[in-house]
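Results of the structural survey
Letter by letter, the chains look like this.
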Protein chains: 2
Amino acid sequence: MRTKLYLLALSGVFFLGSAFVTLTDQPFTLEQLRQLYSQPTSQWPKPDVDPDIKNFQELGVRPDPKFPKDNPYSEKKAELGKFLFFDPRLSVSGQIACASCHEPQLGWGDGKQVSLGHDRQPGKRNAMTLLNVWNNEHLFWDGRANSLEHQMRFPVQDRVEMNHELTQMEKNLNKIKGYQVLFKEVFGKERFTIQEIAQALTTFERTIVSRKSRFDRFLEGKKNELTDLEIKGLHLFRTKARCINCHNGPLFTDNQFHNVGLTYYGRKYEDLGRYHVTKRAEDVGKFRTPSLRDVVYTAPYFHNGLFPTLDGTLNMYNMGMPNLQPTTAAQKADTLFPKTSSHLKPLGLSEDEKQAVIAFLGAISSVQQRINQPELPQ
Amino acid sequence: MRTKLYLLALSGVFFLGSAFVTLTDQPFTLEQLRQLYSQPTSQWPKPDVDPDIKNFQELGVRPDPKFPKDNPYSEKKAELGKFLFFDPRLSVSGQIACASCHEPQLGWGDGKQVSLGHDRQPGKRNAMTLLNVWNNEHLFWDGRANSLEHQMRFPVQDRVEMNHELTQMEKNLNKIKGYQVLFKEVFGKERFTIQEIAQALTTFERTIVSRKSRFDRFLEGKKNELTDLEIKGLHLFRTKARCINCHNGPLFTDNQFHNVGLTYYGRKYEDLGRYHVTKRAEDVGKFRTPSLRDVVYTAPYFHNGLFPTLDGTLNMYNMGMPNLQPTTAAQKADTLFPKTSSHLKPLGLSEDEKQAVIAFLGAISSVQQRINQPELPQ
């Protein structure tokens, strides 16, 4: 607090030549912001977080992935999982692999509004990136799986995705000599089940992590890694732009579900999200908060891939997102009528402020690794 | 010329406060550049084009597509072609459509270094965008097809693409009642051949065009559509950066073949390009000049998708691209030893100048249309 008052006193000399950012009525110059954010995160300006936000975590350095006790990491297991990940023989047509919708060169998504699966049938939702997926407490936009091991069973069986039967897939893969050798090495037996397939696959998936970004290096002490604009964006992200209410912690996600106003209730593209899983009225239209690390590579955005650019996405948040109120008596009586999250409101960001936030999102995006499809076991 | 001298005389007053761009030893201020480029293109500063460049065309407003006399446009034919374009039943597996590698949401390419086809086998080359494909005198990176109608036969039959037989595909499609109705409407008969399939498909493909960009509106008289940085980029594009030697005309391509130094001669990724078609030594390592309209959407770049960003691409051109000289006696005697194009040389662009060129490439990229996959005839 003392530091802040001191800086505020100092600020007079910069008033004429500098841009200002407002935090709870205190304007900061860019120079002051750089000084404030060059301190340890515990001494950063207080974030603008609503009082009912639970389990708030400050932003931080990218953590290393954790592996569950009942499926620990081994290099061989991850290598085996990589083959499975790129193998179209997990699908009934023999043409669709996990990588078809989670392409390393497209931010581990597929770059499309919604994914296309068996017979190129369109799904309902945008393919989520697998970057930092080890951290997800729930999987899918609606959280219907509680572990990656659980998750992988869904796309294999989904008739608009891989359209396969788990038992048939298991049988087919067991016929491949190359896999018999690899599973023997990793699990000690040539015959393998869907459980071991899942263990190998998810071990690979947990290694899919963002590299360290310029923001991480900034936090680790390299104070010139962020530009003035990016530091302004960081401050806005934590304050006026309110992003940090949901996108918090070192991976920029609270692992919770929120309704951002895109339920399309009663209309063609209706998607009740989390409600489909829990059947609780309060979950209507809620979707999982995605991590924002590497977000510049994971377009398009939102559960339905509505916006192809961060600019459009920011404009939508700046407007407060759609917030439809029930008007007719029937709507008022309808317990399922979707409620847009109370954390969303019009932000009043100027064009420059929006660009600063976007610049900051660039600074938490790392250089992508080229992962090539391996030659598959035969 | 009088205008230029007049502006040069004027320039003194800006010398201290403005950035300069050098053209044949004459520095221009940004203000002067804006004035010069606000004139009709015929009065623009002389481009820095090598004397042996043939058929040079100045940049210009986006032209409308032309359709061949023996396959004229009709709306119904284009609509039918759109169904075929998105139909995976053109492939032997029933899973791969033209759109699989030419996805409207990914700049009508696929966003990958090289495409993946039947059984997810990787091809050798990057999927070319279909934007403005009506203008291509030759198709494919190596120009092995002379018309779109000819082109469409290759991917259908290629064993690492759709892996189908033309006659079998024709037979399968003829069984689909919905197509019988549509072909009847367009061609007057229910039974249709590969030739009519090609005519419909290519009529749709010729409608895939860039929208007008800010550069077009600038040329049409809206002189504030380009920023100072973009005008500087335009000037550099035509002069110091030398892009216009090959990327010229209203579609930013000379429709010729050039060796940009990425032949990988004698190494794992060797690709002799145009030579594979013509068997002429002078064509070793030559690839077709792609249009640069909408280039910000068509990453990654070069025939092998080597660079994921324009920044990397510009860095490579700035270095003059790889220009390997034969050193051993065997290399000197080797008539196929690749020669990098004489139009390429180190450019000496500063970081700011590179960013100006990239900004200009943004200004010749238009807002993308959302084209959704249609519901297919059954």
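Residues numbered from 1 in each chain as written. Chains lettered and ligands numbered in written order. Predicted model: local features only at pLDDT ≥ 70, side-chain atom pairs only at ≥ 80, totals over all residues. Heavy atoms only, no water.

**Examining the UniProt feature "domain: Cytochrome c" (unreviewed entry) in chain A**
- Here, the residues flagged by UniProt with the feature "domain: Cytochrome c" (unreviewed entry) are residues 228-365 of chain A.
- Annotation note: span residues 228-365 of chain A, helix share 30%, strand share 3%, distance between end C-alpha atoms 17 Å. (UniProt positions renumbered as here; feature names shortened; annotations may be inferred. Helix = DSSP H or I, 4+ residues; strand = E, 2+ residues; numbered from the N terminus.)

**What to know about the relation of the copies chain A and chain B**
- Rotating chain A by 180° about the axis while translating it 0.0 Å along that axis superimposes it on chain B, leaving an RMSD of 0.0 Å. Both copies are brought into coincidence by an operation consistent with a two-fold rotation axis.
- Interface residue correspondence from chain A to chain B reaches 100%, placing this contact among same-surface, isologous pairings. (Least-squares fit on C-alpha atoms with pLDDT ≥ 70 in both. Contact = heavy atoms within 4.5 Å.)

**Thoughts on the environment of Thr263(B)**
- For Thr263(B), the position within the fold is in the loop between strand 3 (257-258) and helix 12 (275-278).
- Each residue touching Thr263(B), except ones within four places of it in the same chain, is listed here: Tyr269(B), Glu270(B), Asp271(B), Leu272(B), Val284(B), Gly285(B) and Pro338(B).

**Some thoughts on the side chain of Arg34(B)**
All names here are of chain B.
- Locating Arg 34 in the fold gives a position in helix 2 (residues 30-37).
- Reaching out from Arg 34, the side chain makes a polar contact with the backbone oxygen of Lys 223 at a distance of 2.7 Å.
- Beyond its immediate stretch of four places on either side in the chain, Arg 34 contacts Lys 223, Asn 224, Leu 226, Thr 227, Asp 228 and Ile 231. (Polar contact = N/O pair within 3.5 Å; in protein donor to acceptor, adjacent residues only side chain to side chain.)

**Things to note about the packing of aromatic side chains**
- For the structure shown, the criterion picks out 42 aromatic pairs over all chains.
- Taking the centre distance of 5.8 Å and the plane angle of 55° together, the rings of Phe85(B) and Trp108(B) count as tilted. Residue Phe85(B) is located in helix 3 (residues 75-85), and its partner Trp108(B) is located in the loop between helix 4 (98-101) and helix 5 (148-151); the two are separated by 23 residues in the primary sequence. Each member of the pair Phe85(B) and Trp108(B) is classed as buried.
- Grouped by ring-pair contacts, the aromatic residues Tyr37(A), Trp44(A), Phe215(A), Phe237(A), Phe252(A) and Phe360(A) constitute a single cluster.
- Geometry around Phe140(B) places Arg144(B) over its ring, the cationic atom sitting 3.8 Å from the centre.
- Geometry around Phe257(B) places Arg274(B) over its ring, the cationic atom sitting 4.2 Å from the centre. (Phe/Tyr/Trp six-rings, centres within 6.5 Å; stacked < 30°, edge-to-face > 60°. Buried < 20%, exposed > 50% of the residue type's maximum accessible area, 1.4 Å probe, protein only. Lys NZ or Arg CZ within 6 Å of the ring centre and 35° of its normal.)

**Structural notes on the interface of chain A and chain B**
- Counting residues at the interface gives 30 residues for chain A, matched by 30 residues for chain B.
- Where chain A abuts chain B, roughly 2,000 Å² becomes buried across the two surfaces, and 39% of that area is made up of carbon and sulfur atoms.
- Considering only the side of chain A, the residues that lose the most area to chain B are Gln95(A), Arg120(A) and Arg370(A), jointly responsible for 38% of the buried surface there.
- Remark: the boundary between chain A and chain B carries 0 salt bridges.
- In this assembly, chain A and chain B are joined by 12 residue pairs in polar contact (both at pLDDT 80 or more).
- Looking at the side of chain A that touches chain B residue by residue, the class counts come to 12 nonpolar, 12 polar and 6 charged. (Buried area = accessible area lost by both parts, 1.4 Å probe. Salt bridge = Lys/Arg side-chain N within 4 Å of Asp/Glu carboxyl O. Nonpolar A, V, L, I, M, F, W, Y, C, P; charged D, E, K, R; others polar.)

**Overview of unusual backbone geometry**
- For the peptide bond that leads from Ala299(A) to Pro300(A), omega is -5°, which places it in the cis range.
- Tracing the backbone shows Pro300(A) in the loop between strand 4 (287-288) and helix 13 (310-318).
- Positive phi, close to 65°, is recorded for Asn132(B), a residue that is not glycine.
- The backbone of Asp294(B) sits at a positive phi, close to 65°, despite the residue not being glycine.

**Here's the deal with helix 3 (residues 75-85) of chain A**
Residue and element names in this part refer to chain A.
- Among the residues making up helix 3, those that are buried are Lys 77, Ala 78, Leu 80, Gly 81, Leu 84 and Phe 85. Projected onto a plane normal to the axis of helix 3, the buried residues spread over an arc of 160° and lie on a single side.
- Looking at the buried side of helix 3, the elements it contacts are helix 4 (98-101), helix 7 (166-174), helix 8 (177-187) and helix 9 (194-206). (Arc of directions from axis to C-beta.)

**Here's the deal with the domain arrangement of chain A**
All names here are of chain A.
- Under the domain assignment, chain A is made up of domain 1 (2-61 + 212-363) and domain 2 (75-206).
- The straight-line distance from the C-alpha centre of domain 1 to that of domain 2 is 32 Å.
- Contact residues are listed per partner, giving 26 residues for domain 1 and 24 residues for domain 2.
- On the domain 1 side of the contact with domain 2, Leu 251, Asn 255 and Arg 288 bury the most area, a combined 30% of that side's loss.
- Here domain 1 is connected to domain 2 by 1 salt bridge.
- Only helix 12 (275-278) and strand 4 provide two or more residues apiece to the side of domain 1 that touches domain 2.
- The class makeup of the residues in the side of domain 1 that touches domain 2 is 10 nonpolar, 9 polar and 7 charged. (Domains from an automatic or database assignment.)

**Remarks on the pattern of salt bridges**
- The full count for this structure, using the stated rule, is 38 salt bridges over all chains.
- Note that Asp283(A) is salt-bridged to Arg280(A), the shortest N-O span being 3.1 Å.
- Here Arg242(B) and Asp50(B) are joined by a salt bridge, their closest N and O atoms 2.5 Å apart. Taken as a pair, Arg242(B) in the loop between helix 11 (228-238) and strand 3 and Asp50(B) in the loop between helix 2 and helix 3 lie far apart in primary sequence, 192 residues in all.
- What makes Arg242(B) buried here is its relative accessible area of 10%.
- The network of salt bridges with common partners includes Arg125(A), Asp142(A), Arg144(A) and Asp271(A).

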